[in-house]
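Chain by chain, the residues run as shown.
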Amino acid sequence: MAASTKHRIIVADDEHAITQGLSAILSDEGYDVSICADGQKALDELQSGDYGVVLADLMMPKVDGLSLLKALQDKGIPTECIIITGQATVDSAVQAMREGAYDYIEKPLNSEKLNRLKALIPKALEKYAIGQKNRELASRLETLTHYGELTGQSEEMRAVYQIIDAVAPSSASVLILGESGTGKELVARAVHSKSDRAKGPFFALNCAALPKDILENELFGHEKGAFTGSINEKPGAFEMADGGTIFLDEVAEMPTDIQVKLLRAIESRSVRRLGGKKEIAVDIRIVAATNMDLQKALEEGELREDLYYRLAVVELFLPALRERVSDIQLLANEFLLRFSRQNSKQLTGFDEDAWAWIHAYHWPGNVRELKNAVERAVIMARGTVVTAQDIMPRHLRLAAAAAAVAAAAPASDKAAPGKTAAGKTAAKPKSKTTRTGKR
Ligand SMILES: Nc1ncnc2c1ncn2[C@@H]1O[C@H](COP(=O)(O)OP(=O)(O)OP(=O)(O)O)[C@@H](O)[C@H]1O
Ligand SMILES: [Mg+2]
């Protein structure tokens with residue numbers, strides 16, 4: 001490796017023996033290593049240079065490992081941090097991981113630990129490189145309205161495109177978070193199609209839809225005779241996605257014992273079929289998604305923390321549609337065109353009331369709901385433009401009609417005083433409908 005392309009690493013520790021030892025070993029691995037005897041020196045050095053990784057002792061003078069990590073984040077320094085910790089402070093190291101450290105390694109640094117460190121550093125550098133590329137692309141993608149199959153021009157969606165662009169070429173795992181209907185599967189496909197695995201398979205599996213045994217079978221496959229009725233062998237998703245991408249949808253709903261197997265497969269890059277003896281090597285990129293509250297899923301143990309760290313090398317959050325107002329109009333117009341064409345209709349747009357309603361509605365089902373609403377509106381529309389009545393979901397349309405009747409009732413009461421009693425009885429059930437409709 002030429003000196004100029006060497007990855008730069010800082011080793012920050014007050015123990016001379018450790019800095020010297022690590023420096024020698026890591027220089028041998030081809031890295032450009034700088035040594036700092038305390039956290040403050042490391043921070044000064046990190047501010048002045050382009051370092052991919054800092055190995056930071058948890059307990060060191062002036063600025064300790066945790067404070068160094070926090071200072072990096074506060075100052076927007078993207079260097080990945082690997083914490084070195086003594087056995088007594090492992091809890092703090094785990095805490096550091098929660099706060100954004102890449103990983104931690106426990107002293108004493110025997111040969112097993114050093115091997116782990118040697119394996120960790122390239123991965124941390126890869127994550128750093130993805131971040132760098134991400135920042136470089138930020139300006140280039142500023143004017144985009146579309147990206148692959150995704151439509152969206154909001155700042156939030158452009159940030160999503162940047163992350164996909166940066167992460168796609170690597171084989172880093174991506175965890176996509178977002179409410180239902182925000183486009184997680186489209187993003188997963190984009191990650192695949194922008195990667196150099198694009199010619200390989202894309203294999204999607206919904207982990208919430210399948211009973212445990214079937215899910216396990218789908219993931220890992222089975223050998224002939226593995227269980228009653230298994231007359232043929234069957235390769236699992238891992239084998240079938242070899243050379244490509246596997247998309248694990250609703251991953252937080254995967255039973256925990258399968259999560260353990262999944263973790264093992266990811267770490268060993270190999271799978272063993274049910275009833276099988278041999279490990280089958282696989283080369284796959286994992287993209288996972290969940291619409292669950294991740295914090296809650298982790299706290300309640302539904303998603304194993306160790307698996308989470310492996311899946312979320314890059315985390316990608318898809319904002320709800322109501323939070324990106326500038327995309328609503330773009331998407332609505334695009335769906336209108338598409339469904340008009342599909343249904344041989346000559347619709348030219350939405351009327352003012354329809355737009356007012358579209359913008360006021362909170363779209364709990366996100367893009368999926370908007371897409372379905374526009375498709376329905378196109379089919380229902382009688383004129384050349386879509387009206388509010390055409391696009392509103394049925395329950396809201398009924399509620400609006402009821403509210404209109406209720407609002408009109410006192411006026412007609414005045415005009416025809418004899419009908420007061422009937423008007424009141426008519427208004428009551430309608431207002432009930434309004435409440436039911438909002439649920
Ligand atoms: N940005 C977008 N541009 C165009 N179409 C989109 C976009 N986002 C979502 N869609 C469409 O909305 C529908 C839902 O998208 P998708 O299945 O990817 O959502 P999801 O987040 O995976 O939802 P769920 O959590 O319910 O599985 C699909 O028909 C998809 O084509
Ligand atoms: Mg989905």
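Residues numbered from 1 in each chain as written. Chains lettered and ligands numbered in written order. Predicted model: local features only at pLDDT ≥ 70, side-chain atom pairs only at ≥ 80, totals over all residues. Heavy atoms only, no water.

**A look at the site of ligand 1**
- Around ligand 1, the surrounding shell holds 18 residues, and the nearest of these are Thr 151, Ser 180, Gly 181, Lys 184 and Lys 371.
- At a separation of 3.0 Å, an oxygen atom of ligand 1 approaches a polar backbone atom of Glu 185.
- Against a free-state accessible area of 630 Å², the protein chains account for coverage of 86% of ligand 1.
- Among the detected pockets, ligand 1 sits in the second largest pocket.
- Broken down by secondary-structure element, the contributors of at least two residues to the shell around ligand 1 are β7 (150-151), α7 (184-193), α13 (325-342) and α15 (366-380).
- Residue classes in the shell around ligand 1 are distributed as five nonpolar, six polar and seven charged.
- Here the shell around ligand 1 gathers at least three residues from each of two domains, domain 2 (141-319) and domain 3 (322-392). (Near = heavy atom within 4 Å. Polar contact = N/O pair within 3.5 Å; in protein donor to acceptor, adjacent residues only side chain to side chain. Areas by Shrake-Rupley, 256 points an atom, 1.4 Å probe, with all protein chains shown as cover. 1 Å grid on protein atoms, 1.4 Å probe; cavity = no way out; pocket = protein on both sides within 12 Å on 5 of 7 lines; lining within 4 Å. Sits in = over half its atoms within 2 Å of the grid points. Helix = DSSP H or I, 4+ residues; strand = E, 2+ residues; numbered from the N terminus. Nonpolar A, V, L, I, M, F, W, Y, C, P; charged D, E, K, R; others polar. Domains from an automatic or database assignment.)

**Observations concerning the environment of Glu 223**
- Here Glu 223 lies in the loop between β10 (221-222) and β11 (234-235).
- On the accessibility criterion, Glu 223 (17% relative accessible area) is buried.
- In contact with Glu 223, other than residues within four places in its own chain, are Ser 230, Asn 232, Glu 233, Arg 273, Leu 274, Gly 275, Gly 276 and Lys 278. (Buried < 20%, exposed > 50% of the residue type's maximum accessible area, 1.4 Å probe, protein only. Contact = heavy atoms within 4.5 Å.)

**A look at the pattern of salt bridges**
- Summed over all chains, the structure comprises 21 salt bridges.
- A salt bridge links Arg 197 to Asp 283, with the nearest nitrogen and oxygen atoms 2.7 Å apart. In this pair, Arg 197 sits in the loop between α7 and β9 (202-206) while Asp 283 sits in the loop between β14 (280-281) and β15 (285-290), placing the two residues 86 residues apart along the sequence.
- Owing to a relative accessible area of 9%, Arg 197 belongs among the buried residues under this scheme.
- By relative accessible area, which is 38% here, Asp 283 ends up partly exposed. (Salt bridge = Lys/Arg side-chain N within 4 Å of Asp/Glu carboxyl O.)

**Points about the domain arrangement of the chain**
- The domains assigned to the chain are domain 1 (3-126), domain 2 (141-319), domain 3 (322-392) and domain 4 (395-438).
- The distance between the C-alpha centroids of domain 1 and domain 3 comes to 53 Å.

**Structural notes on the packing of α13 against helix α14 (residues 352-360)**
- It is at 10 Å that the axes of α13 and α14 come closest, and there the two elements cross at 130°. Relative to α14, the element α13 is oriented oblique. The interaxial crossing formed by α13 with α14 has right-handed handedness. Contact residues: Val 325, Ile 328, Gln 329, Ala 332 and Asn 333 in α13; Trp 355, Ile 358 and His 359 in α14. (Axes fitted to C-alpha atoms, helices over the stretch in contact; angles between N-to-C directions. Parallel < 35°, antiparallel > 145°, perpendicular 65-115°, else oblique. Left-handed = near helix turned anticlockwise from the far one by under 90°.)

**A look at helix α2 (residues 39-48)**
- Buried within α2 we find Gly 39, Ala 42, Leu 43 and Leu 46. All buried residues of α2 fall inside an arc of 100° around its axis, so they share one side.
- Buried residues along α2 sit against β1 (8-12), β2 (32-36), β3 (53-57) and α3 (65-74).
- Where α2 begins, the side chain of Asp 38 points an oxygen toward the backbone nitrogen of Gln 40, at a separation of 2.9 Å. (Arc of directions from axis to C-beta.)

**Observations concerning the sheet that holds strand β5 (residues 103-106)**
- Strands sit in the order β2-β1-β3-β4-β5 across an open sheet of five strands; the sheet is parallel. Either end of the sheet is taken by a strand with one partner, and the two such strands are β2 and β5. The sheet shows a mean angle of 20° between the axes of neighbouring strands, taken without regard to direction.
- With five bridges connecting them, β3 and strand β4 (residues 80-85) associate as parallel partners. Within the sheet, the bridge partner assigned to Ala 56 lies in β4 and is Ile 83.
- Packing against the sheet, α3 makes contact with β3 and β4, and its axis sits at approximately 150° to β3.
- Docked against the sheet, helix α4 (residues 90-98) engages β4 and β5, running at close to 165° with respect to β5. (Pairing = 2+ DSSP bridges.)

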